[in-house]
Amino acid sequence: MFDIGFSELLVIAIVALVVLGPERLPKAARFAGLWVRRARNQWDSVKQELERELQAEDIKRQMQDVRQSMQDTESELRASGEAARRQMQEVDDQGRGIAEEVRGTPRATASVADVRPASEPVASDPPPSASSVPPGSSPAPATAELPADAPAPANAKENTP
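Residues numbered from 1 in each chain as written. Predicted model: local features only at pLDDT ≥ 70, side-chain atom pairs only at ≥ 80, totals over all residues. Heavy atoms only, no water.

Asks: Where do I start with the overall build of the chain in this structure?
Replies: Scanning the chain from terminus to terminus reveals 1 helix and 0 strands. Relative to its 161 residues, the chain shows a buried fraction of 1%. Of the roughly 15700 Å² that the chain leaves accessible, carbon and sulfur atoms contribute 59%. (Helix = DSSP H or I, 4+ residues; strand = E, 2+ residues; numbered from the N terminus. Buried < 20%, exposed > 50% of the residue type's maximum accessible area, 1.4 Å probe, protein only. Areas by Shrake-Rupley, 256 points an atom, 1.4 Å probe, with all protein chains shown as cover.)

Asks: Looking at this model, I keep getting lost on the packing of aromatic side chains. Mind explaining?
Replies: Within a pair of aromatic rings, the relevant descriptors are the distance that separates the centres and the angle that separates the planes. Tallied over the entire structure, the rule returns 1 aromatic pair. Arranged with centres 6.0 Å apart and planes meeting at 70°, the rings of Phe-31 and Trp-35 form a pair that is edge-to-face. With a gap of 4 residues between them, Phe-31 and Trp-35 both fall in helix H1 (residues 6–104), about one helical turn apart. Above the face of the Trp-35 ring, Arg-38 is positioned so that its terminal group lies 5.4 Å from the ring centre. (Phe/Tyr/Trp six-rings, centres within 6.5 Å; stacked < 30°, edge-to-face > 60°. Lys NZ or Arg CZ within 6 Å of the ring centre and 35° of its normal.)

Asks: What is the right way to read the pattern of salt bridges from this model?
Replies: One side chain can pair with another of opposite charge once the charged atoms of both are near each other. Tallied over the full model, the rule gives 5 salt bridges. Between Arg-61 and Asp-58 there is a salt bridge, with the nearest N and O atoms lying 3.5 Å from each other. Here the residue Arg-61 and the residue Asp-58 both occupy positions in helix H1, the gap between them amounting to 3 residues, near one helical turn. When its relative accessible area of 35% is taken as the criterion, Asp-58 is described as partly exposed. (Salt bridge = Lys/Arg side-chain N within 4 Å of Asp/Glu carboxyl O.)

Asks: Is there a simple way to explain a nonpolar patch on the surface in this structure?
Replies: Where nonpolar side chains cluster on the molecular surface, the patch consists of Phe-6, Leu-10, Val-11, Ile-14, Val-15, Val-18, Val-19 and Leu-20 and spans about 800 Å² of accessible area. Following the sequence through the fold, Leu-20 ends up in helix H1. (Patch = residues over 30% accessible without salt bridge, like charges linked within 9 Å, V, L, I, M, F, W, Y side chains within 5 Å.)

Asks: Teacher, can you tell me more about H1 here?
Replies: Note on helix geometry: an α-helix contains 3.6 residues per turn, so any two residues three or four positions apart are oriented the same way. End to end, H1 covers just 108 Å across 99 residues, shorter than the expected 147 Å (1.5 Å per residue, more than 12% under). Its maximal kink placed at Gly-21, H1 deviates by approximately 110°, while the proline Pro-22 follows within four residues. (Expected span 1.5 Å × (residues − 1). Bend = angle between axes of the 7 residues up to and from the residue.)

Below, the structure is given as C-alpha cells:
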C-alpha cells in the first residue's frame with residue numbers, strides 16, 4: 001500500500017518512544033493498531049461492496065445480452081417460419097393448379113398400361129348383351145323376372161300346372 005521500508009519504520013518507532021515515553025507507548029501502539037484494523041476492515045467492506053455491484057452489473061449486462069440474442073433468434077425463427085409457410089402455400093397453389101389442369105383437360109396421351117387389345121375383356125367392361133352375342137351361339141339365360149302384366153317373349157315356355 002505505502003512504500004515504507006524497515007528503516008523508516010525504525011525511525012518512526014524511535015520518535016514515538018522519545019515523544020510518548022516508555023509508559024504510554026504500549027497503549028498508543030494498541031490504539032494505533034485498533035485504528036489501522038478498523039481502517040482495513042472499512043476498506044475491505046467498501047471493496048467487497050464495489051465488487052458485488054460490479055458483479056450485479058455484469059450479470060445484468062449478460063442477461064440483457066441473452067435477452068437480446070433470444071429476441072433476435074425469435075425474430076429469425078418467425079421469419080423463417082413465415083418463409084416456409086409462404087413456400088408451402090406456393091407449392092399448394094401449384095399443386096392445385098396442376099390438379100385443375102388434369103381435371104379440366106382430357107388425356108392427350110395414353111400410357112402403355114392403358115392400351116389393351118379390343119379382344120381382351122376388362123373387369124370394368126359391361127357384360128355382353130344379346131345383341132353382341134356372335135351368331136351361332138346361344139345367349140345366357142336371363143335371371144331377372146318380368147313384370148306380371150308384361151307380355152311373354154315368343155321363345156318362352158309357359159308354365160301351366
